[in-house]
Structures are given as C-alpha cells and as structure tokens.
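Survey of secondary and tertiary structure
What follows is each chain in one-letter form.
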Amino acid sequence: MKSAYITPIFKKADLDSSDAKSYWPISNLSVLSKSLERLVSQQLMAYLGENDLLPDRQSAYRAHHSTETAVLRVLSDILLALDSGDIAVLTLLDLSAAFDSVDHSTLLQRLQTSYGLGGPVLAWFTSYLSNRTQYVRLPTTRSAESAVSYGIPQGSVLRPILFLLYTADLLQLIRRHHLHPHAYADDTPICGSCHPLEAGMLQQQLSTCVDEVAHWMISNQLNHSKYSGVRLPGASINFRLVRCESGTHL
C-alpha cells in the first residue's frame, strides 16, 4: 500500500542511455491504495468546499478551475488596468520539482491549524505520508527499496489536492503586497498595476513581494529555481517581467 515502483521511461532516442537524467521516472502505486485515496479525496473536497476553505485564485485539480479560467483571470486584470490608463506588470513564478519537495511535518501541521483536520482524520494522513518506500523496477531486475522522506507520492490521487493546501498561504502573502496572484498548480503569475508616474514604486513593491516569496519557499522546503531572467540577490528564485502599456499586444 505504501510502496511505489519506479519505471524509467527513455526521453529521447538520441540521449545517453547510461545517464539517469535521460529517463522519466514514472511512479506506479497499487490499485487498492489509489481506490482508497479516491474515497478520501471525495470526502476531503466536500469538506473543503462546504466550509469555503479552498483558495479562490488557485486553479487546477478542481471543477470549473482550469487553464482557461486562469488565463482569463490574468488577461482580465491586465486589460482592466490598461483600459483605465494604468500600466501593468506580470511576474511568473515557477517551482522546480515542487510536489516532491513538500515537507510532511509542515503539511500535517497546516492541515490541522489552517483546515481544522484532527483526530482520526489527521492520524490517517499522518499514516498515509509516513514510512513510504520506492524502488526502480526493470524487466529483469529491481533495485533495493529506499525511504521517501519528502514529497507527496507521485501518481497518487491526493497528491495535487494536498499540494494546493500546502501552498495556499503563498497567495495570502502576495495579496498583502496589494498584488494579484493567479496560481495554477505550481505556477504562480503575479499581476500588478499603477499609474505610469508610479512605475518605480510598483517595481519596488513587486521586488519586495518576490523577496518574501523566496523566503517563504525556503522556509517551506520548496525548490524554486526556474525561468531565465532577473535573478534576485541572495535567492535562487527567478522572475520574468512583462510591462504592458496601452496599445501593447499581449
């Protein structure tokens, strides 16, 4: 129930077959464990929905929250700013291997304090995350099992839901800087706008926000090193700036 076997899938024919980076690691879980997770997922989503605990600007893995709704929300914020004569800034944050970096103790604490899960429910999630193992399986051989100390099991039903709950506080952090996040899975676009004469102030506001995002990710054990572009001093998070003005094609 807690052991996953990893099937390495070759990425491209022209890659080095002896290099582990040339393969996609596909995790496979037992059908029985995924069936149990599906039942838990249905109850968890019903509880979160009834108590309005899901972040309103987090798309993916939810009904009526798709890539389309995320893109429309971002585009709407930018166009509304331009129509009022303001300039708009879009910052795109992307996590690296985010699902595999989740800290179990932090996630369990968050489930208890932020979402009110306790008693046998919290005990079940504690058992679900603990003592998990994985091994690589090939047609003729297999590796020894290794412990999985971090991350939410790849291929599991609960993986995306628990990740959304783990990172929901990030959206509140961004809002405190009077900016607008529009998260989709592990991608987080941040929109901001201002009068053209206040562009310097908006730039400073955005820079301060991204600094705090970097510290938040470090404290939550998340990898955050994707995108080429501007690199912040003292942090490994990168961001890309897009300045949109009236008449600019998006």
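Quick caveat: nothing in here was measured; it's all calculated off a predicted structure.

Turning next to helix 4 (residues 119-129). Three or more residues of helix 4 are buried, namely Leu-122, Phe-125, Tyr-128 and Leu-129. For helix 4, the angular spread of buried residues about the axis comes to 115°, placing them on one side. Seen from the open side of helix 4, the exposed residues pointing more than 90 degrees away from its buried face are Gly-119 and Pro-120. Looking one or two places after helix 4, you find Asn-131, whose phi comes out positive at around 60°.

It is worth spelling out the pattern of salt bridges at this point. Tallied over the entire structure, the rule returns five salt bridges. Between Arg-159 and Asp-100 there is a salt bridge whose closest N-O contact spans 3.3 Å. Taken together, the residues span a long stretch of sequence, with Arg-159 in helix 5 (residues 159-175) and Asp-100 in the loop between strand 4 (87-94) and helix 3 (104-113) at a distance of 59 residues. Between Arg-110 and Asp-169 there is a salt bridge; the shortest N-O distance is 3.6 Å. Of this pair, Arg-110 sits in helix 3 while Asp-169 sits in helix 5, and the two are 59 residues apart along the sequence. Assessed through its relative accessible area of 31%, Asp-169 is described here as partly exposed.

For the rest of this paragraph, the subject is the nonpolar core. Leu-111, Phe-125, Leu-162 and Val-213 are the most contacted members of the largest nonpolar core, which has 43 residues in total. Those elements that place two or more of their residues in this core are helix 1 (31-50), strand 4, helix 3, helix 4, helix 5, strand 9 (187-194) and helix 6 (199-219). Non-local contacts of Leu-162, meaning those with residues more than four positions away in its chain, are made with Leu-107, Leu-111, Phe-125, Tyr-128 and Ile-152.

Between helix 3 and helix 4, whose axes approach to 11 Å, the crossing angle comes to 165°. One way to sum up the angle between helix 3 and helix 4 is to call them roughly antiparallel. Handedness of the crossing formed by helix 3 with helix 4: right-handed. Contact with helix 3, carried on its side by His-104, Leu-107, Leu-108, Leu-111 and Gln-112, involves Leu-122, Phe-125, Thr-126 and Leu-129 of helix 4 and no other residues of that element. Classifying every residue of the contact of helix 3 with helix 4 gives six nonpolar, three polar and no charged.

Our next topic: the sheet that holds strand 2 (residues 23-28). Strand order in the open sheet made by the four strands is 2-1-5-6, with mixed pairing throughout. Across the chains shown, the open sheet's two edge strands, defined by having one partner strand only, are strand 2 and strand 6 (146-148). Each strand axis lies, on average, 35° off the axis of its neighbour in the sheet, ignoring direction.

Take a probe with the size of a water molecule and roll it over the atoms, and the empty space left behind shows itself. In this structure, the largest pocket occupies an estimated 570 Å³ of space. Lining the largest pocket are 34 residues, and of these Pro-25, Asp-100, Ile-152, Gln-154 and Arg-159 lie nearest its centre. For the lining of the largest pocket, the elements supplying multiple residues, two or more each, are strand 1 (3-10), strand 2, strand 5 (132-136) and strand 6. The dominant element in the lining of the largest pocket, judged by the number of residues it contributes, is strand 5, at five residues. When the residues that make up the lining of the largest pocket are grouped by side-chain class, the tally is 17 nonpolar, nine polar and eight charged. Taken as a whole, the second largest pocket spans an internal volume of roughly 190 Å³. If you go around the second largest pocket, the residues you meet are Val-40, Gln-43, Leu-44, Tyr-47, Leu-117, Val-121, Trp-124 and Phe-125. Mapped onto the lining of the second largest pocket, the elements with two or more residues apiece are helix 1 and helix 4. Take the lining of the second largest pocket: its biggest share by element is four residues, from helix 1. Along the lines of polarity and charge, the residues of the lining of the second largest pocket split into seven nonpolar, one polar and no charged.

About the thresholds
- Residues numbered from 1 in each chain as written.
- Predicted model: local features only at pLDDT ≥ 70, side-chain atom pairs only at ≥ 80, totals over all residues.
- Heavy atoms only, no water.
- Buried < 20%, exposed > 50% of the residue type's maximum accessible area, 1.4 Å probe, protein only.
- Helix = DSSP H or I, 4+ residues; strand = E, 2+ residues; numbered from the N terminus.
- Arc of directions from axis to C-beta.
- Salt bridge = Lys/Arg side-chain N within 4 Å of Asp/Glu carboxyl O.
- Core = buried A, V, L, I, M, F, W, Y, C linked by side-chain atoms within 4.5 Å.
- Contact = heavy atoms within 4.5 Å.
- Axes fitted to C-alpha atoms, helices over the stretch in contact; angles between N-to-C directions.
- Parallel < 35°, antiparallel > 145°, perpendicular 65-115°, else oblique.
- Left-handed = near helix turned anticlockwise from the far one by under 90°.
- Nonpolar A, V, L, I, M, F, W, Y, C, P; charged D, E, K, R; others polar.
- Pairing = 2+ DSSP bridges.
- 1 Å grid on protein atoms, 1.4 Å probe; cavity = no way out; pocket = protein on both sides within 12 Å on 5 of 7 lines; lining within 4 Å.
- Points joined across faces, edges and corners; volume = space filled by probe spheres on them.

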